[in-house]
Amino acid sequence: MTQHADTLLFNAQIATVQPDTKGYGLIDNGWLAVNAGKIVALGQGSVTDIKAQTSVDLRGQLLTPGLIDCHTHLVFGGDRANEFEQRLEGLSYEAIAKAGGGIKSTVKATREASFERLLQLAQLRLQRLINDGVTSVEIKSGYGLDIATERKILQVAEHLKSDYPVTIQRTYLGAHALPPEFANSSDDYIGFVCETAMPQLAGEGLIDAVDVFCEGIGFSPQQCEQVYQTAQSLGLPIKAHAEQLSDLGGAKLAAQYQALSVDHLEYLNTDDVASLKHSGTVAVLLPGAFYFLREQQLPPIDALRQHGVPMAIASDLNPGSSPINSLLTIMNMACVLFRLTPAEVLRGVTQHAAMALGLEHKGVIAVGKDADLCVWDVEHPAQIIAGMNQHSPQQVWIRGERVIS
Ligand code: NIG
Ligand code: FE
């Protein structure tokens with residue numbers, strides 16, 4: 001029976017990245033049909049029984065799922081190039097943070113910035129990600145810490161949805177750093193996050209997930225657990241910045257609360273890896289922060305692989321530890337610095353990144369999934385990762401609409 005569709009894309013090499021496939025899940029000489037924003041048919045060879053309003057010959061080019069940047073701090077004011085200089089002179093990231101710089105300096109700049117200014121900066125950053133083929137992005141708060149500024153950040157993230165067709169997930173990261181109003185009373189601040197800020201912002205519909213910074217210069221596992229309990233009572237999924245600079249057991253704790261993801265993980269103990277598999281938690285690796293902080297300790301990638309823990313890759317775009325506004329650059333870093341294969345990396349910014357955001361209807365090319373797609377003028381998928389600044393997508397489609405052509 002003939003199937004009607006809005007769009008037919010044919011004559012493509014398709015990297016489906018489907019969960020039950022190995023490597024890229026390639027279909028040579030493939031085609032797919034899109035209707036009402038969804039992939040409704042997928043095949044190989046000659047197209048049969050599809051009547052589409054628009055047909056696009058991809059002339060053998062590569063078709064991948066749209067890329068997903070599942071960990072960013074994309075809305076912030078100010079700049080930390082001075083800290084870049086300080087670190088080159090020998091100061092550590094932790095020492096700068098303890099001296100009142102680091103996240104706190106961005107909090108000050110973000111509080112001072114107007115909504116319009118933050119929006120303008122965020123638009124530029126988001127556009128750069130879209131130019132790389134990003135069709136879904138997670139944006140964390142955490143540079144406001146007081147309610148008004150956290151709201152401002154989350155509202156900027158919300159506003160971006162009306163400017164761009166990209167899917168945006170908003171994550172509340174109140175437990176990021178200690179604000180000046182609560183200096184020396186971190187338990188009181190966590191009380192404020194749990195009793196006042198999170199319920200209020202969640203009530204305003206501004207939060208899709210809740211994150212913490214579980215670290216010596218962040219918050220203790222006990223404090224993070226309080227945040228998880230509140231999130232759980234509000235029906236919000238959790239995530240964690242864990243084991244970035246030291247091993248506090250933050251990843252295992254987050255897994256006990258069925259975290260969507262635990263992120264960074266350089267200091268993750270291999271004994272804790274099984275707990276991630278058990279809870280279905282994604283390990284989000286952030287090679288940009290590893291690179292920028294000149295970290296030496298690698299995440300336990302072999303153990304994650306052996307246990308079959310899904311690994312995602314993200315930019316961690318932020319002014320302090322990863323001021324890198326390109327997911328394609330980060331994908332190259334994941335191969336060179338972490339020795340992931342290009343196939344693991346493509347899966348890490350598609351199928352696994354979708355899981356890290358609870359967006360299981362995205363991230364793979366399969367019937368029933370959202371038609372978020374990128375077209376690349378390459379002969380092999382590894383080319384888009386191997387060549388830095390050499391390949392941008394020729395076309396980007398979001399829910400069946402062409403946004404870059
Ligand atoms: O993911 N680790 C905490 N948060 C950010 C860095 C924030 C900053 O330095 O401004 C991160 O690396
Ligand atoms: Fe981060």
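Residues numbered from 1 in each chain as written. Chains lettered and ligands numbered in written order. Predicted model: local features only at pLDDT ≥ 70, side-chain atom pairs only at ≥ 80, totals over all residues.

Colleague: Can you help me understand the UniProt feature "domain: Amidohydrolase-related" (unreviewed entry) in the chain in this one?
Modeller: In this structure's numbering, the residues bearing the UniProt feature "domain: Amidohydrolase-related" (unreviewed entry) are residues 63-403. End-to-end, the C-alpha atoms of residues 63-403 are 15 Å apart, and along that stretch the chain is 43% helix and 16% strand. (UniProt positions renumbered as here; feature names shortened; annotations may be inferred. Helix = DSSP H or I, 4+ residues; strand = E, 2+ residues; numbered from the N terminus.)

Colleague: Sorry, what's going on with the environment of V56 here?
Modeller: Counting through the fold element by element, V56 comes out in strand β4 (residues 50-57). Taking the C-alpha atoms as reference, V56 lies 40 Å from F115; in sequence the two are 59 residues apart. Those residues in contact with V56 that sit more than four places away from it in its chain are T7 and L9. (Contact = placed C-beta atoms within 7 Å.)

Colleague: Looking at this model, I keep getting lost on the nonpolar core. Mind explaining?
Modeller: It is characteristic of soluble globular proteins that their nonpolar side chains tend to be buried jointly. One finds V227, A240, V262 and A283 to be the most contacted residues of the largest nonpolar core, which totals 128 residues. With 7 residues, the single largest contributor to this core is helix α6 (residues 186-203). Residue assignment places this core across two domains, with domain 1 (3-66 + 364-404) and domain 2 (67-356) each supplying three or more. (Core = buried A, V, L, I, M, F, W, Y, C linked by C-beta atoms within 7 Å. Buried ≥ 20, exposed ≤ 12 C-beta atoms within 10 Å, placed from the backbone. Domains from an automatic or database assignment.)

Colleague: Would you mind going over the domain arrangement of the chain with me for this structure?
Modeller: Interface size is commonly expressed as the accessible surface area that is lost when the partners come together. By the assigned domains, the chain splits into domain 1 (3-66 + 364-404) and domain 2 (67-356). Here domain 1 and domain 2 have C-alpha centroids that lie 30 Å from each other. On the domain 2 side, the residues contacting the 24 residues of domain 1 number 21 residues. Looking at the side of domain 1 that touches domain 2, the elements with two or more residues in it are β5 (62-65), α15 (382-386), β15 (395-398) and β16 (401-404).

Colleague: Explain unusual backbone geometry here, please?
Modeller: Among all residues except glycine, the phi angle is most often negative; among peptide bonds, the trans geometry is most common. In this structure, N29 is a non-glycine residue whose phi angle is positive, near 50°. Within the secondary structure layout, N29 lies in strand β2 (residues 26-35).

Colleague: Teacher, can you tell me more about the confidence of the model for the chain here?
Modeller: In low-pLDDT segments, the atomic positions of the prediction should not be examined closely. In the predicted model, the chain carries a mean pLDDT of 97, and the fraction of residues at 70 or more is 100%. Both scores are given for the predicted complex: the pTM is 0.98, the ipTM 0.95. (pLDDT = per-residue confidence, 0-100.)

Colleague: Looking at this model, I keep getting lost on the pairing of strand β1 (residues 3-15). Mind explaining?
Modeller: In this sheet, β4 lies alongside β1 in parallel orientation, the contact comprising 7 bridges. Along β4, the bridge assignment pairs L8 with S55. Note: β1 against β2, 6 bridges, orientation antiparallel. From the neighbouring strand, A15 faces β2, where its bridge partner is L26. For β1 and β5, the ladder comprises 2 bridges, and the chain directions are parallel. Counterpart to I14 in the pairing with β5 is L63. (Pairing = 2+ DSSP bridges.)

Colleague: Help me understand the pairing of strand β3 (residues 38-44) in this model?
Modeller: Consecutive side chains of a regular strand alternate in pointing toward one face of the sheet and then the other. Where β2 meets β3, 6 bridges bridge the pair, whose relative direction is antiparallel. Residue A33 lies in a different strand from β3, and its bridge partner there is A41. Hairpin connection between β2 and β3: a loop of 2 residues separates the two successive antiparallel strands, and A36 in this loop has a positive phi of roughly 50°.

Colleague: Where do I start with the environment of L260 in this structure?
Modeller: Structurally, the position occupied by L260 is in the loop between α8 (250-256) and β11 (261-264). Since 27 C-beta atoms lie within 10 Å of it, L260 is described here as buried. Counting along the chain gives 24 residues from L260 to V284, while the straight-line C-alpha distance between them is 9.9 Å. Sequence-distant contacts of L260, that is, excluding residues within four places in its chain, are made with A209, P237, I238, K239, T281, V282, A356, L357 and G358.

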